Amino acid sequence: MKSRDEFIAVPKNTIQVLQKHGFQFKKQLGQNFLIDMHVLDKIIRAADIGPGDICLEIGPGIGSLTQALCEATLPAEAGDARPDDTVDGSVGEAVDAAVDAAADAGVASAGNDAIGHVYAVEIDDRLIPILQENLGDYPHLTILHTDFMKIDLPAFFEEQQISRPVKVVANLPYYITTPIIMALFESGVPLASVTVMVQEEVARRMQAKPGTKDYGALSLAVQYYAEPYIAAHVPPNCFMPRPNVGSAVIRLTRRSAPPVEVCDAHFMFKLIRAAFGQRRKTLVNSLAGSPELGSQVRLSNGRLIPLTKEVIQQALEKENLSPTIRGEALFLQDFAKLANNLTEQA
Ligand code: SAM
């Protein structure tokens, strides 16, 4: 195992890498690099990363978290041959030997439980040579230079023959946290969990329950797909440069099935977004007056639903919900029933 003072996340090592490459941070890409080994440990523990895991990291930066993922996923058989105590690519040989051993044991290489892999997707071209220089010795690391939002995830999983659940682990760029998380879940690719560093306020919203000020469309969307758990609160001084706000590590454990039965999930999420779009209004007024929904909503099967106040009131009555209720008081189950009720009327 690498000794702790050799990790990129140690502040003096991060500074050395940045100075060597004359790297200037791009604020618009959310570049706040992690410089705290304790936080790194907490992320790896919260994500439960071990040998054989397949990990996907969005935004590796100079490789602080990537390196920890690569170390934690090395095959157990290669445990005494990690990068710190090998010379000239012998890590590659050690991993290759473990791969061969697994193959000899009759396990196919794609989807092999014994062989881990780390995929790291970075948008900033200046970081690619730095990552290659710092982490090029890990044979089970694939660095991809692209915008994560442009990846066709199902096609990517198929190309890479990823057939078992992936653990997503990332210190996310804050400007694009929600779209990344929704793209991951909505893609339908096999995910075990998503463990990410996000702004503290966003972590609170993901975990929020009805009736609280943090509860909203993001809480419902995340809780439909996953069970959230805040694993750590992280102050600004754990990053370089320091962000203006506190951060948190949140683990979203993928549910095997959604917690509610809903005929048209896409329609339910349209209702949810409209309900919280104008959160001071009653649910009836937000839905009936929603610019996004309009007076008629098309379902996934092509049928149209008229969303008048009367129709919505009737649906609420059937669910024994008050006609003056606000969206923020409704549980996911209530939204599912409401969506199902309205769908039946179409
Ligand atoms: N993982 C590193 C760490 O913890 O030190 C860096 C994290 S930094 C908060 C976010 C990283 O995401 C940056 O390296 C940034 O360039 C990258 N990034 C920003 N937008 C991206 C996108 N759309 N696709 C892929 N990477 C992106």
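Residues numbered from 1 in each chain as written. Predicted model: local features only at pLDDT ≥ 70, side-chain atom pairs only at ≥ 80, totals over all residues.

Observations concerning the packing of helix H10 (residues 265-277) against helix H13 (residues 332-345)
Moving on, step 1. Look at H10 against H13: their axes get within 9 Å of each other, and the N-to-C directions meet at 115°. Viewed along their axes, H10 and H13 form a crossing whose handedness is right-handed. Of the residues in H13, those touching H10 at Phe267, Met268, Leu271 and Ile272 are Phe335, Ala336, Leu338, Ala339 and Thr343. (Axes fitted to C-alpha atoms, helices over the stretch in contact; angles between N-to-C directions. Helix = DSSP H or I, 4+ residues; strand = E, 2+ residues; numbered from the N terminus. Left-handed = near helix turned anticlockwise from the far one by under 90°. Contact = placed C-beta atoms within 7 Å.)

A closer look at the nonpolar core
Moving on, step 1. Formed by 85 residues in total, the largest nonpolar core has its most connected members in Leu34, Leu69, Val169, Leu271, Leu287, Phe335 and Ala339.
Moving on, step 2. The biggest single contributor to this core is H10, with 6 residues.
Moving on, step 3. Taken domain by domain, the makeup of this core includes at least three residues from each of domain 1 (4-73 + 116-254) and domain 2 (265-345). (Core = buried A, V, L, I, M, F, W, Y, C linked by C-beta atoms within 7 Å. Buried ≥ 20, exposed ≤ 12 C-beta atoms within 10 Å, placed from the backbone. Domains from an automatic or database assignment.)

Here we look at unusual backbone geometry
Moving on, step 1. With an omega of -10°, the peptide bond running from Met240 to Pro241 counts as cis.
Moving on, step 2. Looking at the element boundaries, Pro241 is found in the loop between strand E8 (239-240) and strand E9 (247-254).
Moving on, step 3. A positive phi is found at Asp48, a non-glycine position, where the angle reads about 55°.
Moving on, step 4. Position of Asp48 among the secondary structure elements: in the loop between helix H2 (37-47) and strand E2 (54-58).
Moving on, step 5. Looking at Asp48, the number of C-beta atoms within 10 Å reads 15, which means it is partly exposed.
Moving on, step 6. The phi torsion at Gln161 lies on the positive side, around 55°, for a residue other than glycine.
Moving on, step 7. When you line up the elements, Gln161 lands in the loop between helix H6 (153-159) and strand E5 (166-171).
Moving on, step 8. For Gln161, a count of 10 C-beta atoms within 10 Å puts it in the exposed group.

Here we look at the pairing of E9
Moving on, step 1. Among the 8 residues in E9, 6 count as buried, and that is most of the element.
Moving on, step 2. For strand E6 (residues 191-199) and E9, the ladder comprises 7 bridges, and the chain directions are antiparallel. Note that in E9 the partner of Gln199 across the bridge is Ser247.
Moving on, step 3. Relative to E9, strand E7 (residues 226-234) runs antiparallel, the two being bridged by 8 bridges. Following the sheet pairing, His233 is matched in E9 by Ala248. (Pairing = 2+ DSSP bridges.)

Remarks on helix H8 (residues 200-207)
Moving on, step 1. Among all positions of H8, only Val202, Ala203, Arg205, Met206 and Gln207 are buried.
Moving on, step 2. Buried residues along H8 sit against helix H7 (177-186), E6, helix H9 (217-225), E7 and E9.

Things to note about the site of the ligand
Moving on, step 1. If you check the shell around the ligand, you find 23 residues, and the closest are Phe33, Gly59, Gly61, Asn171 and Pro173.
Moving on, step 2. Elements that contribute at least two residues to the shell around the ligand include exactly strand E1 (33-34), helix H3 (64-73) and strand E3 (117-122).
Moving on, step 3. For the shell around the ligand, the class distribution of residues is 13 nonpolar, 7 polar and 3 charged. (Near = placed C-beta within 6 Å. Nonpolar A, V, L, I, M, F, W, Y, C, P; charged D, E, K, R; others polar.)

A short note on the sheet that holds E6
Moving on, step 1. Across the sheet, 7 strands lie side by side as E4-E3-E2-E5-E6-E9-E7; this open sheet has mixed pairing. Lying at the two open borders of the sheet, with one neighbouring strand each, are strand E4 (141-145) and E7. On average, each strand axis in the sheet is tilted by 15° relative to the strand beside it, whichever way the strands run.
Moving on, step 2. Contacts between H7 and the sheet are confined to E2, E5 and E6, with E6 contributing the most and set at about 175° to the helix.

Brief notes about the environment of Leu332
Moving on, step 1. Inspection of the secondary structure puts Leu332 in helix H13.
Moving on, step 2. You can call Leu332 partly exposed: it has 19 C-beta atoms within 10 Å.
Moving on, step 3. Between the alpha carbons of Leu332 and Leu220 there is a distance of 6.2 Å; along the sequence they are 112 residues apart.
Moving on, step 4. Not counting the four nearest positions on each side in its chain, Leu332 is found in contact with Leu220, Gln223, Tyr224, Pro259 and Val260.

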